[in-house]
Amino acid sequence: MRTINEGLQQRIHTHYGPWALVTGASSGIGKVMAFELARAGLHLVITARRGEVLEALATELSAQFKVKVMVVAADLSTDAGTEQLFQRTDSLEIGLVVANAGYGSSGPFVDGNLSTELNMLDLNCRAVLQLSHHFSQRFKAQKKGGIILLGSLVGYQGVPNSAHYAATKAYVNSLGEALAIELKPEGVDVLVVSPGPVHTEFAARANLSISQAITPDTVVVQALSALGRKNTLLPGFLTKFLSFSLGFLPRWAKVRVMGKVMEGMHAG
Ligand SMILES: NC(=O)c1ccc[n+]([C@@H]2O[C@H](COP(=O)([O-])OP(=O)(O)OC[C@H]3O[C@@H](n4cnc5c(N)ncnc54)[C@H](OP(=O)(O)O)[C@@H]3O)[C@@H](O)[C@H]2O)c1
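Below, the structure is looked at part by part. (Residues numbered from 1 in each chain as written. Predicted model: local features only at pLDDT ≥ 70, side-chain atom pairs only at ≥ 80, totals over all residues. Heavy atoms only, no water.)

Some details on the site of the ligand
The line we're drawing: In these notes, residues near a molecule or strand are those with any non-hydrogen atom within 4 Å of it. Identification of polar contacts relies on pairs of N or O atoms within 3.5 Å, with a donor-acceptor requirement for protein atoms, meaning one able to donate a hydrogen and the other able to accept it, and with residues adjacent in sequence counted only if both atoms are side-chain atoms. Each accessible area value is a Shrake-Rupley result obtained with a 1.4 Å probe; residue values ignore everything except the protein chains displayed when judging cover. In this analysis, the protein atoms alone were mapped onto a 1 Å grid. Cavities are point sets where a 1.4 Å probe fits without being able to get out; pockets are open sets with protein on both sides within 12 Å along at least five of seven lines; lining residues have an atom within 4 Å of a point. Molecules are considered to sit inside a cavity or pocket once more than half of their atoms lie within 2 Å of its grid points. The helix and strand labels rest on DSSP assignments: H or I over at least four residues marks a helix, E over at least two residues marks a strand, and numbering proceeds from the N terminus. When residues are grouped by polarity, Ala, Val, Leu, Ile, Met, Phe, Trp, Tyr, Cys and Pro land in nonpolar, Asp, Glu, Lys and Arg in charged, and all others, Gly among them, in polar.
Ser27, Arg49, Arg50, Tyr165 and Thr200 are the nearest of the 29 residues found near the ligand. Backbone polar atom of Asn100 to an oxygen atom of the ligand: 2.8 Å apart, as the coordinates give it. Within the contact set of the ligand, a nitrogen atom lies 3.2 Å away from a side-chain nitrogen or oxygen of Arg205. Taking 880 Å² as the accessible area of the ligand by itself, protein coverage stands at 96%. More than half of the atoms belonging to the ligand lie within 2 Å of the grid points that define the largest pocket. Those elements that place two or more of their residues in the shell around the ligand are α2 (28-39), α6 (163-183) and α7 (202-205). Classifying every residue of the shell around the ligand gives 13 nonpolar, 10 polar and six charged.

The structure is reproduced here in structure tokens:
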């Protein structure tokens, strides 16, 4: 498993400490992110719905890295969840927010469950908007901070058979790209991380069968080294290769190709 080196630990600690907030920290990319930020010596607020999983992670992180870890068990697809998170973090000196919690869906749009799609919209977009707005105000006031948003490669064109998930990630990619420019003069670094397939719990929830994928540690190590240096990251060779291959096609053809790929990955 890849980890961040000492030079990067120092840079992250100096620029984005003393506290970091990671959403969706109970598994996958968010869990690895929590480990690497703790390795850099940052105190952590970790949030997701599964409180017991977060409590176990907090015990492990604080024992291994001697950092403070606050657990906030909350459903961020609700206003009550985001409000609870803002209240609990109000008095902490947070320097980095990783808006990572999210999930996907696949299959024909017309057959999808509307309330699931609305919930996904609330988590993938509405909560990301709320977090970005809240913390960009705080970071502007303190003239320093970092925001990492988890977009996706699927957000760069329409994707038949995952139409609405791809649309939620187009929102994140676009919001983050623009905020990176707006907030730079305020001393705030924004990075959009847009992976292709990653081996996590994501595929099972999205009803996808993923064979080729990168690991979450690749995403996290590359994201932390890109923060403050780039506005957008396509992590890992596979993501870059897929993006490069699609880059030769006109947009209408990209949509068709991605639709075929997603049809093949949909687990039925
Ligand atoms: N894996 C991929 O192929 C891939 C590719 C591109 C982008 N991404 C993006 O990367 C991000 C992380 O996904 P992952 O791959 O690490 O998937 P994951 O292992 O399924 O992790 C998703 C995290 O989000 C949390 N979460 C889900 N619903 C939530 C809710 N309503 N409120 C609060 N937290 C919630 C989950 O925790 P609880 O269940 O405990 O709430 C979990 O910690 C997502 O935004 C995803 O869209 C993933």
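Description of the pattern of salt bridges
We apply this condition: Counted as salt bridges are all cases of a side-chain nitrogen of Lys or Arg within 4 Å of a carboxyl oxygen of Asp or Glu. Using a 1.4 Å probe on the protein chains alone, a residue whose accessible area is under 20% of its type maximum counts as buried, one over 50% counts as exposed, and one in between counts as partly exposed.
All chains considered together, the criterion is met by five salt bridges. Between Asp189 and Lys184 there is a salt bridge, and its shortest N-O distance comes to 2.8 Å. Relative accessible area serves as the criterion here: at 13%, Asp189 is assigned to the buried category. For the salt bridge of Glu263 with Lys260, the shortest nitrogen-to-oxygen distance reads 3.3 Å. With Glu263 and Lys260 both in helix α10 (residues 251-265) and three residues apart, the pair spans about one turn of that helix.

Quick word on empty space enclosed by the protein
Rule in force here: Grid points are joined across faces, edges and corners, and a volume is the space filled by probe spheres set on the points.
Applying the stated criterion to the full structure yields one cavity of 30 Å³ or more. Estimates place the volume of the largest cavity at around 30 Å³. Lining the largest cavity we find Thr23, Leu76, Ala99, Asn100, Ala101, Leu123, Ala127, Val128 and Leu131. Counting residues per element, the lining of the largest cavity draws most heavily on helix α5 (residues 114-142), which supplies four residues. Considered class by class, the residues forming the lining of the largest cavity number seven nonpolar, two polar and no charged.

Focus on the packing of aromatic side chains
What counts, and what does not: Only centres within 6.5 Å qualify two rings of Phe, Tyr or Trp (six-membered ring in Trp) as a pair; their planes then separate them into stacked at under 30 degrees, edge-to-face at over 60, and tilted for everything else.
Applying the stated criterion across every chain, the model contains six aromatic pairs. Each ring, one from Phe35 and one from Phe65, has its centre 6.2 Å from the other, and the planes form 80 degrees; the classification is edge-to-face. Of this pair, Phe35 sits in helix α2 while Phe65 sits in helix α3 (residues 51-65); the two residues are 30 residues apart in sequence, bridging distant segments of the chain. Like Phe65, Phe35 is buried. Counting every residue linked through ring pairs, the aromatic cluster contains Phe86, Phe135 and Phe139.

Brief notes about the environment of Leu131
Our working rule: Residue contacts are counted whenever heavy atoms from the two residues lie within 4.5 Å of one another.
Position of Leu131 among the secondary structure elements: in helix α5. With 49 residues separating them in the primary sequence, Leu131 and Thr82 have C-alpha atoms 7.8 Å apart. In this view, Leu131 contacts Leu21, Thr23, Leu85, Phe86, Ala99 and Ser136; residues no more than four positions away in its chain are not counted.

Remarks on the packing of helix α4 (residues 79-89) against α5
Quick note on the threshold: In this analysis an axis means a line fitted to C-alpha atoms, helices contributing only their contacting stretch, and an angle means the value between N-to-C directions, from 0 to 180 degrees. An angle below 35 degrees is read as roughly parallel, one above 145 as roughly antiparallel, one from 65 to 115 as roughly perpendicular, and any other as oblique. Handedness of each helix crossing follows the sense of rotation of the near helix against the far helix: counterclockwise by less than a right angle gives left-handed, clockwise gives right-handed.
Orientation of α4 relative to α5, taken along the N-to-C sense of each, is 25 degrees, at an axis distance of 10 Å. Judged by the inter-axis angle, α4 sits roughly parallel to α5. Here the hand of the crossing between α4 and α5 comes out right-handed. Residues Asp79, Thr82, Leu85, Phe86 and Thr89 of α4 touch α5, and the partners they reach there are Arg126, Ala127, Gln130, Leu131, His134, Phe135 and Arg138. Residues that form the contact of α4 with α5 fall into these classes: five nonpolar, four polar and three charged.

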